[in-house]
Amino acid sequence: MPIKRASHCFNKKSRLIKKPEVSSTNTSMPNTFDGSNIKSKLETLLQKQNNFFPCFDWAFPPPLLNKKQPPSTAEELFSRPSVIPGRYSIYLHSPFCKSLCSFCYYAIIPGNGIDFAEKYTNYLIKEMSLYAETFKNATCESIYFGGGTPSFLNDHLLAGIFNNLNKYFNISHDAEITIEAAPGTLPREKSEFLKSLGVNRLSYGIQTLDDALLSTMNRDYSVSHAINELQHAINIIGNVNIDTMYGFDGEDENTLINTLQKFHEIGSPSLSIYALDKHRSNGKVVFEPPKDAYYEYKIKQFSRAEEHLMSLGYKPVLQNIFIDPERASYRHQLRRWDNLPLIAMGINSQGYAPQRTYQNTGSMKSYYQMLDEGRLPIATMDELDAELEICRELTSKLRFTYISIGDFKYKYNVAIDEIFKDLIKALVDMGYLEHTGDILRMTDKAAYYNNIIPMLFAPDHFKEELLGLPEEYLESFPVPNIMTQLGKAQSKPFNLPENMHTINIDRRTQWNRRKNRGMMDQLDKRTSYGRRCGDGIWSWSAISHFH
């Protein structure tokens, strides 16, 4: 039973056919740091185009270094203290779809592959049981059921999955529970059934309302039928997000705006915008990054769409996701950038344990075999030190939302505005960063380099490790090239104690409770920061540490 992929070399994060070998005898960067020349270096280096715009599978650190043998048990995987004590989220993956969309690059099984869904569901439940003991004293604050098309599963299988989620995990009474759906899988009765299971957020992948464009996507639905499904879902579930896409060949420049306007008129409280990435389905060369002929067009189109949605009263919670704050949420994705533990279940799913990013096997055969042996079905794991963990949150929030310097100081006891003082000043002077009070965010001018600029805030030791990559890789790919050519960018060291996590558990619990008390009152203030508004919209609290 092969898993169909639009790309012959599925590698979601690194976009490579294979990971380049890293030399153990790398060249060291200069020991001295000169903050006075950072700006002149950046003016020279920031001349390279991003791979494409916008990139939403961006991840830090890049999956090139820090590979470790993954553990076989949940207890070992989550053995390190969390920076969010007592809280976690869950991601589930169902690979089954009615058809293979021409733009899709995820691990899916289209068409008649649904016949294997019952066996897969049984193993997904078996995987849940392997995590239950480790998380018995912790609280799950969000669940995201993605794919594939989970709504393609029949009611019996969906009921089994949700019943066992409640059996094995302590799900908060106000947890955000999302499921993905696609046209042709969501009649009125299905929306009602999903709501009865506890689903309170739905993400509907329709992409466009242009029939001519749909005919090029291998999508099996009519626009009128999809609109009917959406209206029922909005009336029944309420918190419904609609995925849209732009950048198709032959696309009229007003297609995206017209699509967004129509979804607004039918009452959608949340809209997301994605750029078509055709490079995933084209042949790739190992040491050659993709080029996008529509690069500047996509930036302009996204800017138009953003301005249009803002004029309609939507607020951005991530760079590409806009909501009506009174009727919608997207807590699950926002909390990822807080370094919240994420249990990933299902083939090819990606999770986060404290100081460890991991990904399950993409092979159904291996998935079944490892679970039969009582092992977690993890294929790869990256191990992070304390500095990389902090910078994972720092770079991700800068990339997708914004940074609160005070939150980092309170949560990690580090002053990022002092550690990266000269880098921040240079980027502010160049117009790529805006530093307003406690908030640091990228500006609209930074759109051309928004995959690169956050990476510059990597620890100096990580940039030094990148020098062990092959020269042809460093010369060809924008991100590692600029990171290594810039050199050291820390104005001062992190100076973290070895037992930092143990020392700060109580402090971090208080940080979460502080956010719970104060963030709802700060909604208007947060959204006023524009594109990079952030995760202060919803409330949450820390209950207890899960060790």
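As a reminder, the structure under discussion sits directly above these lines.
All figures in this text were calculated on a predicted structure; none of them were measured in a lab. (Residues numbered from 1 in each chain as written. Predicted model: local features only at pLDDT ≥ 70, side-chain atom pairs only at ≥ 80, totals over all residues. Heavy atoms only, no water.)

A.B. asks: How would you summarise the pairing of strand β18 (residues 439-442) if you had to cite specific residues and measurements?
C.D. replies: Two faces make up the sheet, and in a regular strand the side chains alternate between them. Residues of β18 alternate between two faces, with I439 and R441 on one and L440 and M442 on the opposite face, all of them buried. Of the pairings in the sheet, the one linking strand β16 (residues 403-404) to β18 comprises 2 bridges and is antiparallel in character. Bridge pairing links S404 to I439 in β18. Counted between consecutive antiparallel strands, the loop separating strand β17 (residues 433-436) from β18 contains 2 residues, among which G437 sits at a positive phi close to 60°. (Buried < 20%, exposed > 50% of the residue type's maximum accessible area, 1.4 Å probe, protein only. Helix = DSSP H or I, 4+ residues; strand = E, 2+ residues; numbered from the N terminus. Pairing = 2+ DSSP bridges.)

A.B. asks: So what about the packing of helix α8 (residues 255-265) against helix α9 (residues 295-311)? Which residues, and what values?
C.D. replies: At a minimum axis separation of 10 Å, α8 and α9 run at an interaxial angle of 25°. Relative to α9, the element α8 is oriented roughly parallel. Two packed elements cross with a definite hand, and for α8 against α9 that hand is right-handed. Residue-level contacts link L256, I257, L260 and Q261 of α8 to Q301, R304, A305, H308 and L309 of α9. (Axes fitted to C-alpha atoms, helices over the stretch in contact; angles between N-to-C directions. Parallel < 35°, antiparallel > 145°, perpendicular 65-115°, else oblique. Left-handed = near helix turned anticlockwise from the far one by under 90°. Contact = heavy atoms within 4.5 Å.)

A.B. asks: Tell me about the side chain of S203, and name the residues and values.
C.D. replies: Counting through the fold element by element, S203 comes out in strand β7 (residues 201-207). Among the residues examined, S203 registers a relative accessible area of 4% and is labelled buried. Reaching out from S203, the side chain makes a polar contact with the side chain of N241 at a distance of 3.3 Å. Those residues in contact with S203, other than ones at most four positions away along the chain, are Y144, T178, I179, E180, A181, N241 and D243. (Polar contact = N/O pair within 3.5 Å; in protein donor to acceptor, adjacent residues only side chain to side chain.)

A.B. asks: Describe the pattern of salt bridges, with residues and values.
C.D. replies: All told, the structure shown has 18 salt bridges when counted by the stated rule. Here R87 and E141 are joined by a salt bridge, their closest N and O atoms 3.2 Å apart. Highlighted residues: R87 in strand β2 (residues 87-94) and E141 in strand β5 (residues 139-147), separated in sequence by 54 residues. The residue K411 makes a salt bridge to E393 at a minimum N-O spacing of 2.8 Å. You can see K411 sitting in helix α13 (residues 405-412) and its partner E393 sitting in helix α12 (residues 386-400), a full 18 residues away along the chain. By relative accessible area, K411 is classed as buried at 0%. (Salt bridge = Lys/Arg side-chain N within 4 Å of Asp/Glu carboxyl O.)

A.B. asks: Outline the sheet that holds β16, listing residues and values.
C.D. replies: In spatial order, the strands read β16-β18-β17; together these 3 strands make up an open sheet with antiparallel pairing. Each of the sheet's edge strands pairs with one partner strand only, and the pair in question is β16 and β17. Sitting on the sheet, helix α15 (residues 421-429) touches β17 and β18, and the angle it makes with β17 is about 110°.

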